[in-house]
Amino acid sequence: MLGLYVHVPFCSAICNYCNFNRGLFDAGLKERYVAALLTEIRQAADGSPADTIFFGGGTPSLLEPSEVAAVVGACRQSWSLTPDAEITLEANPETVTAERLAGFRAAGINRLSYGVQSFRDDELGRLSRLHSAARAVEAFGMARAAGFDNISLDLMMWLPQQTVAQWLESVEALIALAPDHASMYLLELYPNAPLRDAMARGQWSVAPEDDAAEMYLSGLDRMDKAGYVQYEISNVARPGRQSRHNLKYWTDGEWLGYGSGAHSTRAGTRWKNISATEEYISAVAAGGRVATERRPLSAEERVEEALFTGLRLNAGLDLPDVKARYGVDVWGRYGEELQPFVDQGVLVYDGRSLRLPRAGMLLAHEIMAVFIG
Ligand code: SF4
């Protein structure tokens, strides 16, 4: 079934490490953008079944609940949304109130994903985030009180000046809230990130790589003990609470992306919308095409992607399934190069499936490089 992604490219302030497609919030621009989104959603419709909607950003929780309701309504009119569809809104803790959360629920949102990043104020300050740890805890409580029974929290590790013990404080604080899902990412600094300058000025550094590996392994170990099940390199969930939407990206699914810079993949074709927000709005208003770079995925690309995304999942790759879908004998083609990783214990091959144990997930880039032609 299809997944629907809705991009919301507005933020109250731009975080010093962020490389997403976003800009500063402007109420007038946002109104015109939502109108364009509604038009785009209605134009592309063919009534096929869809079972997820994901509002990502940016900061989607800056939309008014009535705007979210209008977008969900347009999706319902355009596609056959299943009654149990997962409808996620990414939210920043400082943007929510009890009233707004009740409004989002009434709009059809049934899953919230909070960008918390850390439960330490010193770390949040270095990342130039607008919320405090106390505010994140409060926002979580407000969401539960509003009736959200499916909440995900994001944390980042390997932050400037962060020690392993400090990272684990955030993990413990997250566990104390008992969310239904959690994502744990390593901070990646893109080349011109303002955080790099801030780090130079403040003489902040990140821990050695061995500590980053320990952060990853010990954080996941704590999540295991708290009853969460890892299902992807950076994601854990309570049983039955995996992100259905994100699983589409990792299991060769189909999705349509609406809004500036959104990607879509359907029927073996991939395209990307115009990235600049004003340009996107003008193109929709002029009745023109917002999709650029539309191209069929080659058989080789599809196989490569299936190998990359399949190995990100704890379940790994089912090799007979890959053979049936893409006609490729993975072990026959790559076995010789993969064998040393199997010998080191960082890749598991049992004749039928190929998967990364946790220690192998730390080396995922290196192992997956084998698949690049
Ligand atoms: S809130 Fe999120 S999308 Fe917006 S600038 Fe910060 S990290 Fe980027």
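Student: Explanation requested: helix 5 (residues 133-145) in the structure shown.
Tutor: Each α-helix winds once per 3.6 residues, and so residues spaced three or four apart point in a common direction. Under the 1.5 Å per step criterion, the end-to-end length of helix 5 is 19 Å for 13 residues, consistent within 8% with the ideal 18 Å. Ala133, Arg135, Ala136, Ala139, Phe140, Met142 and Ala143 are the residues of helix 5 that are buried. Looking at the buried residues of helix 5, the elements they touch are helix 3 (98-106), strand 6 (111-117), helix 4 (121-126), strand 7 (151-157) and helix 6 (164-177). Positive phi appears at glycine 147, one or two residues downstream of helix 5, with a value of about 105°.

Student: Can you walk me through the site of the ligand in this structure?
Tutor: Cys11, Ala13, Ile14, Cys15, Tyr17, Cys18, Phe20, Gly58, Thr59, Asn92 and Arg129 make up every residue found near the ligand. Within the shell around the ligand, the residues separate by chemical class into seven nonpolar, three polar and one charged.

Student: Explanation requested: the packing of helix 1 (residues 27-43) against helix 10 (residues 277-285) in the structure shown.
Tutor: Packed helix pairs are characterised by how far apart their axes lie and by the angle those axes make with each other. Closest axis-to-axis distance for the helix 1/helix 10 pair is 9 Å, and the angle between their directions is 45°. As far as their axial angle goes, helix 10 and helix 1 are oblique. For the pair helix 1 and helix 10, the crossing hand works out as left-handed. Residues Leu29, Arg32, Tyr33, Ala36, Leu37, Thr39 and Glu40 of helix 1 lie in contact with helix 10, whose contacting residues are Thr277, Glu278, Tyr280, Ile281 and Val284. Along the lines of polarity and charge, the residues of the contact of helix 1 with helix 10 split into seven nonpolar, two polar and three charged.

Student: Honestly, the pairing of strand 7 in this entry has me stumped. Any pointers?
Tutor: The element strand 7 is extensively covered by neighbouring structure, given that seven of its seven residues are classed as buried. Neither face of strand 7 is open: one carries Ile151, Leu153, Leu155 and Met157, the other Ser152, Asp154 and Met156, and all of them are buried. Here strand 6 pairs with strand 7 via five bridges, running parallel. Residue pairing for strand 7: glycine 115 is matched across the bridge by aspartate 154. Both strand 7 and strand 8 (residues 181-186) contribute to a ladder of six bridges, which runs parallel. Note that in strand 8 the partner of leucine 153 across the bridge is alanine 182. Note on the crossover from strand 7 through helix 6 to strand 8: the handedness is right-handed.

Student: Would you take a moment to explain the packing of helix 6 against helix 8 (residues 209-225) for this structure?
Tutor: Running from N to C, helix 6 and helix 8 point in directions that differ by 25°, and their axes come no closer than 10 Å. In this view, helix 6 runs roughly parallel relative to helix 8, as classed from their interaxial angle. Both helix 6 and helix 8 take part in a crossing whose hand is right-handed. Residues Val164, Trp167, Leu168, Val171, Glu172, Leu174 and Ile175 of helix 6 form the contact with helix 8, whose own contacting residues are Asp211, Glu214, Met215, Ser218, Gly219, Arg222 and Met223.

Student: For this particular structure, what's the right way to read the environment of aspartate 329?
Tutor: By secondary structure assignment, the location of aspartate 329 is in the loop between helix 12 (319-326) and helix 13 (330-344). Sequence separation between aspartate 329 and leucine 319 is ten residues; the distance between their C-alpha atoms is 7.4 Å.

Student: Hey, could you run me through the pattern of salt bridges in this one?
Tutor: Close approach of charged atoms allows side chains of opposite charge to pair. Enumeration according to the criterion identifies 24 salt bridges in this entry. Put simply, arginine 32 and glutamate 278 hold a salt bridge, and the shortest N to O gap is 2.9 Å. In this pair, arginine 32 is assigned in helix 1 and glutamate 278 in helix 10, connecting sequence segments 246 residues apart. Exposure remark for glutamate 278: the relative accessible area of 41% places this residue in the partly exposed category. When the shortest N-O distance is used, the salt bridge between arginine 312 and glutamate 232 registers 2.5 Å.

Student: Which parts of the structure should I look at to understand the nonpolar core?
Tutor: If you look at soluble globular proteins, the nonpolar side chains tend to sit buried side by side. Ranked by size, the top nonpolar core spans 100 residues in total, and within it Phe55, Leu112 and Tyr114 carry the most contacts. If one sorts the elements of this core by residue count, helix 1 sits on top with seven residues. With residues near it in sequence (within four places) discarded, tyrosine 114 still touches Ala91, Asn92, Pro93, Val96, Leu101, Ala139, Phe140, Ala143, Ile151, Ser152, Leu153 and Asp154.

Student: Which parts of the structure should I look at to understand unusual backbone geometry?
Tutor: Leaving glycine aside, a negative phi is the common case for residues, and trans is the common case for peptide bonds. For the peptide bond that leads from glycine 57 to glycine 58, omega is 20°, which places it in the cis range. Looking at where glycine 58 falls in the secondary structure, it is placed in the loop between strand 4 (49-57) and helix 2 (65-78). In the Ramachandran plot, serine 128 falls in the positive-phi region, its phi being about 60° despite a non-glycine side chain. Tracing the backbone through its elements, the reader meets serine 128 in the loop between helix 4 and helix 5. For serine 128, a relative accessible area of 28% puts it in the partly exposed group.

Student: Please explain the sheet that holds strand 16 (residues 348-349) as it appears in this structure.
Tutor: Either a parallel or an antiparallel arrangement is found when strands of a sheet pair, and the pairing is made through backbone hydrogen bonds. Strand order in the open sheet formed by three strands is 15-17-16, and the pairing between neighbours is antiparallel. Where the open sheet ends on each side, the last strands, each with one partner, are strand 15 (317-318) and strand 16. Bridge analysis of strand 15 against strand 17 (residues 353-355) gives two bridges, and the strand direction is antiparallel. Paired with leucine 317 across the two strands is leucine 354, which belongs to strand 17.

Conventions we followed
- Chains are numbered independently. Their residues run from 1 in the order of the written sequence.
- Owing to the predicted nature of the model, reporting of local features is limited to residues with pLDDT of at least 70; listing and counting of side-chain atom pairs is limited to 80 or more, with chain, interface and lining totals taken over all residues.
- Hydrogens are left out, water is left out, and the side-chain values use all remaining heavy atoms of the structure.
- Here a strand is any run of E in DSSP of at least two residues, a helix any run of H or I of at least four, and the numbering for each starts at the N terminus.
- Given a helix with a known number of residues, its expected span is that number minus one, times 1.5 Å.
- Only protein chains enter the accessibility calculation, which uses a 1.4 Å probe. A residue is then buried if its area is under 20% of the maximum for its type, exposed if over 50%, and partly exposed in between.
- Whether two residues touch is decided by their heavy atoms; if any such pair falls within 4.5 Å, the residues are in contact.
- Near, as used in this document, describes a residue that has one of its heavy atoms within 4 Å of the molecule or strand being considered.
- Classes in brief: Ala, Val, Leu, Ile, Met, Phe, Trp, Tyr, Cys and Pro nonpolar; Asp, Glu, Lys and Arg charged; the others, Gly included, polar.
- The axes are straight lines fitted to the C-alpha atoms, using for helices just the contacting stretch, and the angles between their N-to-C directions are given from 0 to 180°.
- In this scheme, roughly parallel covers angles under 35 degrees and roughly antiparallel covers those over 145, while 65 to 115 is roughly perpendicular and the rest are oblique.
- Here a crossing is taken to be left-handed if its near helix is turned anticlockwise relative to the far helix by less than a right angle, and right-handed if that turn runs clockwise.
- Strands are labelled as partners when DSSP assigns at least two bridges between them.
- Seen with its strands pointing away from the viewer, a crossover is right-handed if its path from the first strand over the helix to the second goes clockwise.
- Salt bridges are defined by distance alone: a side-chain nitrogen of Lys or Arg within 4 Å of a carboxyl oxygen of Asp or Glu.
- Residues belong to one nonpolar core when they are buried, are Ala, Val, Leu, Ile, Met, Phe, Trp, Tyr or Cys, and are joined through side-chain atoms within 4.5 Å.

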